[in-house]
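Coordinate inspection notes
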Amino acid sequence: MHPKELITQTFSQRFGKKPAYLALAPGRVNILGEHVDFNDGFVLPAAINRATYIAFSPADSDHTTLVAADFTEEVSFTLQSIPTKTSANGSPLPQWATYPAGVAWALTESGQPVAAMNAVFASDVPRGAGLSSSASVEMAFAIAWQTIGGWNLSPMQRAQIGQKAENKYVGVNCGIMDQFASACGVADKLLLLDCRSLDWKPVPIPQNVAIVIADTSIRRRLTDGAYNQRRQGCDDAVKILSHLLPNVRALRDVSVEDFNRLSSQLPALAEKRARHVVEEIERFQHGIPLLEQGKIHEFGQIMNECHTSLRDLYEVSIPELNTMVEIAQSLPGCLGARLTGAGFGGCTANLVEKSTAEAFSAELARQYEAQTGLKPEIYICKASDGARLL
Ligand code: GLA
């Protein structure tokens, strides 16, 4: 059943009347600029046509009751129980509930009144697949609380609330990219974001190009700590480099030239992590004009280089992602292929000549399954609008 139907039905069954509102918030795919958002770099995601859907109404009491229709689980919490990550009856919140509770917490912290609601949510963004299922849950709830609270934050402000929830409540030190893409998505466009100034603009997807998402079917959990450890490597490098160079606040401020000159001063692991970031930011600066000039083969080459760097320097790839990328890169019509999102499992993003996209997808699935014994899910993605009421 489609999540929109599932939440509407489940809401009526559970709460005995129709929901007052429906909303959705999409997942995202990222095309270039990986693991650079928390280094003040640049990213190029798109919101995708898979989303978290939420049905909701204001509650009659001070209890917020949430049903996760995908898990057939339910939880109630109050504004008093949120800070201790417990439900109204004192038991610890299940992991899935920390995203909505985290958003409520972050809203309260920033002075937005959070009214209690009854809600049911469900998603067709696969979890742990690098497509930002958690950010889409956060942004769906931000819309819901905004709607029943009667206040109005901009999409970027809602994204910042989501990031704060994730950093300070869930415990993942992520950047702004995922929440930004889910909140600010534009149909048929990529989104170019400067993660320092938060200036952004939509960038057209060249007409003859399709984005194909290829899911290895391997899942990861972001909270595992591997993400935070990689980020720590970057922070360690910044600490040292900021003593050696003037005005270094983030790896964004270090040129490849300076980095090469000073890299021997860094511990080996921090050097590798930071090299990925510094070079990825340079690749990005080089890649965007190519994309804008329609030089899609050259742009695709830069995506391929990004994958190599994520594999060898940032070390967030896994054998299945490498296999998916290698097969893709060998197929006719493929412009560029790389893992997308945090890594450690999940999906690859492929830029493909539109006329070959169907054949490319079928052949990629066939060869991946033959080599790994795993059944992948491969689909042509449609860049979509951001989180909104339906
Ligand atoms: C995760 C994080 C993002 C970003 C990517 C890697 O999706 O949530 O902030 O760091 O990994 O680019």
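Look up: the structure comes first, before these words.
The structure contained in this document is the topic of the report that follows. (Residues numbered from 1 in each chain as written. Predicted model: local features only at pLDDT ≥ 70, side-chain atom pairs only at ≥ 80, totals over all residues. Heavy atoms only, no water.)

1. Describing the pairing of strand 8 (residues 200-204)
In this structure, strand 7 (residues 189-194) lies alongside strand 8, joined through five bridges in antiparallel fashion. Paired with L193 across the bridge in strand 8 is W200. Count of turn residues in the strand 7/strand 8 antiparallel hairpin: five residues, of which L198 carries a positive phi of about 65°. (Pairing = 2+ DSSP bridges. Helix = DSSP H or I, 4+ residues; strand = E, 2+ residues; numbered from the N terminus.)

2. Some points on the site of the ligand
The immediate surroundings of the ligand are formed by R28, E34, H35, D37, F38, C174, G175, M177, D178, Y227, G341 and A342. Contact distances for the ligand include 2.5 Å between an oxygen atom and a side-chain N or O atom of D37. Separating an oxygen atom of the ligand from a backbone N or O atom of G175 is a distance of 2.9 Å. Here the ligand loses 98% of its free accessible area of 310 Å² to cover by the protein chains. Of the residues that constitute the shell around the ligand, the class distribution is five nonpolar, three polar and four charged. (Near = heavy atom within 4 Å. Polar contact = N/O pair within 3.5 Å; in protein donor to acceptor, adjacent residues only side chain to side chain. Areas by Shrake-Rupley, 256 points an atom, 1.4 Å probe, with all protein chains shown as cover. Nonpolar A, V, L, I, M, F, W, Y, C, P; charged D, E, K, R; others polar.)

3. A short note on the packing of helix 9 (residues 296-312) against helix 10 (residues 319-330)
Two elements in contact, helix 9 and helix 10, have axes whose closest approach is 12 Å; the angle formed by their N-to-C orientations is 160°. With respect to helix 10, the axis of helix 9 lies roughly antiparallel. The hand of the helix 9/helix 10 crossing is left-handed. Here N304, H307 and R311 of helix 9 come into contact with helix 10, specifically with L321, N322, V325, E326 and Q329. Split by residue class, the contact of helix 9 with helix 10 holds two nonpolar, four polar and two charged. (Axes fitted to C-alpha atoms, helices over the stretch in contact; angles between N-to-C directions. Parallel < 35°, antiparallel > 145°, perpendicular 65-115°, else oblique. Left-handed = near helix turned anticlockwise from the far one by under 90°. Contact = heavy atoms within 4.5 Å.)

4. A few points about the sheet that holds strand 4 (residues 64-68)
Here six strands make up an open sheet; going across it, the order is 5-4-6-3-1-13 and the pairing mixed. Of all strands in the sheet, those with a lone pairing partner are strand 5 (73-77) and strand 13 (388-389), marking the two edges. Direction of pairing for strand 1 (residues 21-30) relative to strand 3 (residues 45-58): antiparallel, over a ladder of nine bridges. Bridging from a neighbouring strand, P26 pairs with A51 of strand 3. Most of the contacts of helix 3 (residues 133-149) go to strand 3, to which it runs at about 45°, and overall it touches strand 1, strand 3, strand 4, strand 5, strand 6 (117-123) and strand 13. Sitting on the sheet, helix 5 (residues 177-184) touches strand 1 and strand 3, and the angle it makes with strand 1 is about 130°.

None of the figures reported here should be taken as evidence of function without further support.
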